Amino acid sequence: MEVLYEDNHIIIVNKECGEIVQGDKTGDRTLADDVKAYIKETCAKPGAVFLGVVHRLDRPVSGVVVFARTSKALTRLNDMFRNGEVRKTYHALVRNKPPKDEDELTNWLVRNEQQNKSYAYDKEVPKSKKAVLNYRVIEKTDNYYLLEITLHTGRHHQIRCQLAHIGCPIKGDLKYGAPRSNPDGGISLMAQSVEFTHPVSKEHICVKTTGRLL
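Quick look at the structure, then. Bear in mind the structure is a predicted one, so any value in this text is a computation, not a measurement.

### Thoughts on the pairing of strand 8 (residues 129–140)
Then comes step 1: Where strand 6 (residues 102–112) lies against strand 8, eight bridges are found, and the strand directions are antiparallel. Directly across from Asp103, in strand 8, lies its bridge partner Tyr135.
Then comes step 2: Bridge count for strand 8 against strand 9 (residues 145–151) is seven bridges, and the pairing is antiparallel. Its bridge partner being in strand 9, Arg136 is matched across the sheet by Glu148.
Then comes step 3: In this structure, the hairpin formed by strand 8 and strand 9 is closed by a connection of four residues.

### Observations concerning the pattern of salt bridges
Then comes step 1: Overall, the coordinates contain eleven salt bridges when judged by the stated rule.
Then comes step 2: With its nearest N and O atoms 3.8 Å apart, the salt bridge here joins Glu113 to Arg111.
Then comes step 3: Its salt-bridge partner being Arg160, residue Asp173 comes within 2.8 Å of it at the nearest N-O pair. Highlighted residues: Asp173 in the loop between helix 3 (158–165) and strand 10 (189–197) and Arg160 in helix 3, separated in sequence by 13 residues.
Then comes step 4: Connected via shared salt-bridge partners are Asp58, Arg160 and Asp173.

### Observations concerning the layout of surface pockets
Then comes step 1: Looking at the largest pocket, its volume works out to about 1600 Å³.
Then comes step 2: Forming the walls of the largest pocket are 45 residues, and the residues nearest its centre are Arg56, Asp58, Arg155, His156 and His157.
Then comes step 3: Secondary structure elements with two or more residues in the lining of the largest pocket: helix 2 (71–82), strand 5 (87–94), strand 6, strand 9 and helix 3.
Then comes step 4: For the lining of the largest pocket, the class distribution of residues is 14 nonpolar, 16 polar and 15 charged.

Each value, and the rule that gives it
- Residues numbered from 1 in each chain as written.
- Predicted model: local features only at pLDDT ≥ 70, side-chain atom pairs only at ≥ 80, totals over all residues.
- Heavy atoms only, no water.
- Pairing = 2+ DSSP bridges.
- Helix = DSSP H or I, 4+ residues; strand = E, 2+ residues; numbered from the N terminus.
- Salt bridge = Lys/Arg side-chain N within 4 Å of Asp/Glu carboxyl O.
- 1 Å grid on protein atoms, 1.4 Å probe; cavity = no way out; pocket = protein on both sides within 12 Å on 5 of 7 lines; lining within 4 Å.
- Points joined across faces, edges and corners; volume = space filled by probe spheres on them.
- Nonpolar A, V, L, I, M, F, W, Y, C, P; charged D, E, K, R; others polar.

If you want it as structure tokens, here you go:
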């Protein structure tokens, strides 16, 4: 496990594709379990370790994940994420050229619980939630385009769904239309950075992953 930042109130780590942040029906060991074990060992904590899950990344996604180490930080970080006070930047690798080199995408997403999939619409429909993101092409090769994405809302599978909706499914994302999977079973979507005001000390925090998609 790679720790990118830590202090008494928060810890930020790098998630690998295939890891789950929080427990699900699979019963697999979670990233939160690993972080708790790390804190228990490094801080020589005799009892249970407090760790608050502030946000999640889908299992096939890699990158930056923030956890709270105190209840005070958890409450404040939850409010900050909910109010859009945390800037989240992602990188995504797509094979198809986007319609524009940069754009803002606004859609209404409907989540299908049975399929664990979301569907994007251009207008509001029943049970839909508004989803907004900005993307720009930052690099390209002979076969792929690397997009930088800024999320303005946090909907289920939002980036995956909205990019697929404009004809640019993420590399390896079979669920949203990619032709083949990646060798590691993940998808080429990475939480590149988080930026926010520290919930307790009020200092400016900007943490970036050490990983790269290209």
